[in-house]
Every structure is written in C-alpha cells, then in structure tokens.
Amino acid sequence: EIKINNKTTTFLNIYRSPNSCNEGFIDKFESVLENAKSKNCYILGDSNYNLINLDKHEETRNYYNLLTSSSYKPLITKPTRITDSSRTLIDHIWANDLRTTSLHQSHIIITDITDHLPCLTVVTSPDIFIKGYKTITKRVI
C-alpha cells in the first residue's frame, strides 16, 4: 500500500504459472479480491490468462468475470507477448478506480530484451499531488 495525501492505494502483483496445475488459483485470487474490495486497488502481473481468448477458454473467462464483477477494468488491451506464431495478452494491469476524475494512460513498451512486453499505467488524479514534484513536458536542446 502507498499513502499519498491521506489517500491509500493498494498494489497487488500476481503471477500464475502457465502449467495446468493451477486449480486453486481462482479460489485464492477471489479471497484476495474480497480483502481488497473496499480499497482503491491496482492489480498487475503475468496471470497467463490470455484475454484475447475469452470466448475460447473457460478459465480465462472465469478470471475475467471475477475481476469485472468486482468492479475492475483492464487497462492493458493489446497483446503483451508476441512471437512469430502467436500474440497473447497475458500481462495485465487492472484498476477498480472507476471515478471519472482519474485518468489512466496505459502503455506497452516495444522491446526485445524479454519475451514479454513491459506494461505501465500513468495515473492522473486530483487526489495525487506531491509537493515539489515537477513534470517536464519538453526540453530545450
């Protein structure tokens, strides 16, 4: 948890192995979501659930339905792992901050240093103001 200006935000980092021995993952994850339901929360990580396959994979659909029914929205919506033969969306950032005053700008960084593309989200909110923080929008050379 991070506290800024008396507002607490919870960050949950998850990893689910791609092997088939993950029967208990959803039950455990549901319990984690239940504990975080009253918090402003971001969930990020490599879940190995391919959101592109929602209509073809029941476990992925269950994962997606669990999060959306708990008022989370996916912030990453393009493939995050690209090979010569496949494109998958298995690295996720979810937010339950659905206020219209918060702006989420999500990005996927194209790089070849790993087989997964790094993802990030920039959050702009009136609740977040850090004294002395300066944003540089351009640089004169």
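Now for a quick tour of the structure. Along every chain, residues carry numbers that run from 1 in the direction the sequence is written. Whole-chain, interface and lining totals are the exception, using all residues; otherwise, since this is a predicted model, local features are given only for residues with pLDDT of at least 70 and side-chain atom pairs are given and counted only at 80 or more. For side-chain calculations, the full set of non-hydrogen atoms in the structure is used, while hydrogens and water are omitted.

## Quick word on the environment of Leu-67
(1) Moving on: Mapped onto the elements, Leu-67 comes out in helix H2 (residues 58-69).
(2) Moving on: Once the C-alpha coordinates of Leu-67 and Glu-30 are considered, the two residues, 37 residues apart in sequence, prove to be 8.7 Å apart.
(3) Moving on: When near neighbours in sequence (up to four residues on either side) are disregarded, Leu-67 contacts Phe-29, Leu-33, Ile-43, Tyr-72 and Trp-94. Only DSSP runs of H or I with at least four residues qualify as helices, and only runs of E with at least two residues qualify as strands; both kinds are numbered from the N terminus onward. Throughout, a residue-residue contact means that at least one pair of heavy atoms, one from each residue, lies within 4.5 Å.

## A word on the pairing of strand E2 (residues 7-15)
(1) Moving on: For two strands to count as paired, DSSP must find a minimum of two bridges between them. For strand E1 (residues 2-4) and E2, the ladder comprises three bridges, and the chain directions are antiparallel. Residue pairing across strands places Ile-4 opposite Lys-7, the latter belonging to E2.
(2) Moving on: Hairpin connection of E1 to E2: two residues between the antiparallel strands, including Asn-5 at a positive phi of 50 degrees.

## Topic: the environment of Leu-117
(1) Moving on: Summarising the element assignment, Leu-117 is placed in the loop between strand E8 (103-108) and strand E9 (119-124).
(2) Moving on: For every residue, the accessible area (1.4 Å probe, protein chains only) is compared with the maximum for its type, and the residue is labelled buried under 20%, exposed over 50%, or partly exposed between those bounds. For Leu-117, a relative accessible area of 10% corresponds to the buried category.
(3) Moving on: Separated by 38 residues in the primary sequence, Leu-117 and Pro-79 place their C-alpha atoms 8.4 Å from one another.
(4) Moving on: Residues in contact with Leu-117, not counting those within four places in the same chain, are Pro-79, Thr-80, Ile-82, Ile-108, Ile-109, Ile-110 and Thr-111.

## Comments concerning the pattern of salt bridges
(1) Moving on: Within this document, salt bridges are pairs made up of a side-chain nitrogen of Lys or Arg and a carboxyl oxygen of Asp or Glu, the two lying within 4 Å of each other. Scanning all chains against the criterion turns up three salt bridges.
(2) Moving on: Where Lys-37 meets Glu-34, a salt bridge forms, and the shortest distance between an N and an O atom there is 2.8 Å.
(3) Moving on: When its relative accessible area of 46% is taken as the criterion, Glu-34 is described as partly exposed.
(4) Moving on: A salt bridge links Asp-115 to Arg-81, with the shortest nitrogen-to-oxygen separation between them at 3.0 Å. Note that Asp-115 is positioned in the loop between E8 and E9 and Arg-81 in strand E5 (residues 81-82), a separation of 34 residues in sequence.

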